[in-house]
Amino acid sequence: MNSDIRVRAFAKINRSLRVLGTRDDGYHELRTVFQSIALYDTVVVRRRRGPFALTVRHATPHGGRGAIDRPSTSPDVSAPPLAADRTNLVSRAAEALWSQARRRGSVRDIAIHLIKRIPMAAGLGGGSSDAAATLRALAGAWRVGDDGVRQAAVRLGADVPFFLEGGTVLGLERGDVLFPLVDRPCAWVVLVVPPFGVSTPDAYRWWDALPGRARRRATPGAADAMGVNDLQDAVVRRHPEIARIVSALTRAGADCAAMSGSGSAVFGLFRSRDAAERTARRLASPERVVRVTRTLTRREYRRLAGT
Ligand code: C5P
């Protein structure tokens with residue numbers, strides 16, 4: 001490892017998310033369709049002597065090569081600080097791969113700089129994607145094979161293995177048993193991020209507390225209808241604004257609109273970039289972050305992710 005390794009950590013949305021029940025390990029049994037989108041964080045790994053160090057800078061998304069994403073159409077809601085310590089998933093990913101490589105003691109001789117653009121606590125998988133990007137960046141340098149990387153990913157979080165695949169992927173069990181799907185046509189994505197985040201364990205606890213009637217609706221239908229998210233009702237009970245954003249996107253002509261993952265971000269899919277940008281301008285307000293981005297195919301994900 002002679003020079004910096006730079007990798008992109010792309011965000012995801014859930015085209016659909018069905019909660020099928022609770023599991024003995026405390027997790028929930030899922031049937032979800034993950035979709036990579038072009039909004040990304042950047043992970044920069046630098047070789048240098050001494051103990052492991054992590055630094056984080058918050059940045060606003062920019063249009064990179066390949067129309068990665070469009071500038072925000074509204075001012076950034078001030079980002080909550082992200083701890084640059086051992087609780088950060090990037091540090092935990094480095095530690096997990098270090099032990100997978102059977103190295104002794106604590107991680108050393110690398111520094112990681114994380115440039116954060118994906119809104120946090122938004123259901124866009126930012127932390128999990130950063131972790132997977134860290135694993136990919138370090139795997140070559142530390143000579144850890146695909147199996148070792150995957151094992152480390154599974155230990156880091158249920159969403160992390162998806163970010164080793166990218167594109168459109170069906171996730172079963174905890175969301176970590178993956179079946180790549182045929183790419184869907186590119187869609188333009190309007191992302192609306194309210195000024196509050198939702199913690200993932202909270203969203204699942206709120207689903208647990210739903211009355212049986214509301215939960216029964218959550219049993220799997222005949223198909224993975226797009227834009228269905230079984231966690232949405234549970235989160236909307238605490239945060240009604242999410243339902244208002246879903247309705248506004250639907251009224252604006254989105255092919256489908258739903259909360260992503262455990263929230264708080266809401267997405268709408270559009271066939272035309274113009275319609276997406278018009279909608280983003282209409283929904284912009286000082287209290288929200290509104291962005292236009294697009295879906296990525298698996299091949300684009302592989303090419304643009306950098307490893
Ligand atoms: O795996 P990860 O640490 O990302 O999950 C965060 C939390 O989300 C879990 O501790 C659990 O409360 C909840 N979760 C769940 N079922 C899943 C995925 C996550 O209950 N399939």
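Above this text sits the structure in question.
Rules behind the numbers
- Residues numbered from 1 in each chain as written.
- Predicted model: local features only at pLDDT ≥ 70, side-chain atom pairs only at ≥ 80, totals over all residues.
- Heavy atoms only, no water.
- Helix = DSSP H or I, 4+ residues; strand = E, 2+ residues; numbered from the N terminus.
- Contact = heavy atoms within 4.5 Å.
- Phe/Tyr/Trp six-rings, centres within 6.5 Å; stacked < 30°, edge-to-face > 60°.
- Buried < 20%, exposed > 50% of the residue type's maximum accessible area, 1.4 Å probe, protein only.
- Lys NZ or Arg CZ within 6 Å of the ring centre and 35° of its normal.
- Near = heavy atom within 4 Å.
- Polar contact = N/O pair within 3.5 Å; in protein donor to acceptor, adjacent residues only side chain to side chain.
- Areas by Shrake-Rupley, 256 points an atom, 1.4 Å probe, with all protein chains shown as cover.

Visitor: Can you walk me through the environment of valine 228 in this structure?
Guide: For valine 228, the position within the fold is in strand 8 (residues 228-229). Between the alpha carbons of valine 228 and serine 260 there is a distance of 9.6 Å; along the sequence they are 32 residues apart. Residues within four places of valine 228 in sequence aside, it is in contact with Arg15, Ser16, Leu17 and Arg18.

Visitor: Honestly, the packing of aromatic side chains in this entry has me stumped. Any pointers?
Guide: To describe a pair of aromatic rings, you give the distance between the ring centres and the angle between the ring planes. Tallied over the full model, the rule gives five aromatic pairs. Between tryptophan 98 and tryptophan 142, the aromatic rings sit 5.2 Å apart at their centres with planes inclined by 75°, giving edge-to-face as the arrangement. One end of the pair, tryptophan 98, is in helix 1 (residues 89-100); the other, tryptophan 142, is in the loop between helix 2 (126-141) and helix 3 (146-156), and 44 residues separate them in sequence. The same class applies to tryptophan 98 and to tryptophan 142, which are both buried. Taken together, the aromatic side chains of Phe10, Tyr40 and Tyr301 make up a single cluster linked through ring pairs. Cation over ring: arginine 8 sits above tyrosine 40, and NZ or CZ is 4.8 Å from the ring centre. Stacked on the ring of tyrosine 27, the Lys or Arg arginine 174 has its end atom at 4.3 Å from the ring centre.

Visitor: Whenever I open this one, the site of the ligand confuses me. Can you help?
Guide: Close to the ligand lie Gly26, Tyr27, His28, Leu30, Gly157, Ala158, Arg174, Thr200, Pro201 and Tyr204, which account for all nearby residues. Arginine 174 places a main-chain nitrogen or oxygen 3.0 Å from a nitrogen atom of the ligand. When the free accessible area of the ligand is taken as 460 Å², the share hidden by the protein chains comes to 74%. Put simply, the parts of the chain that give the shell around the ligand at least two residues each are strand 2 (28-51) and helix 5 (200-208). Top contributing element to the shell around the ligand by residue count: helix 5, with three residues.

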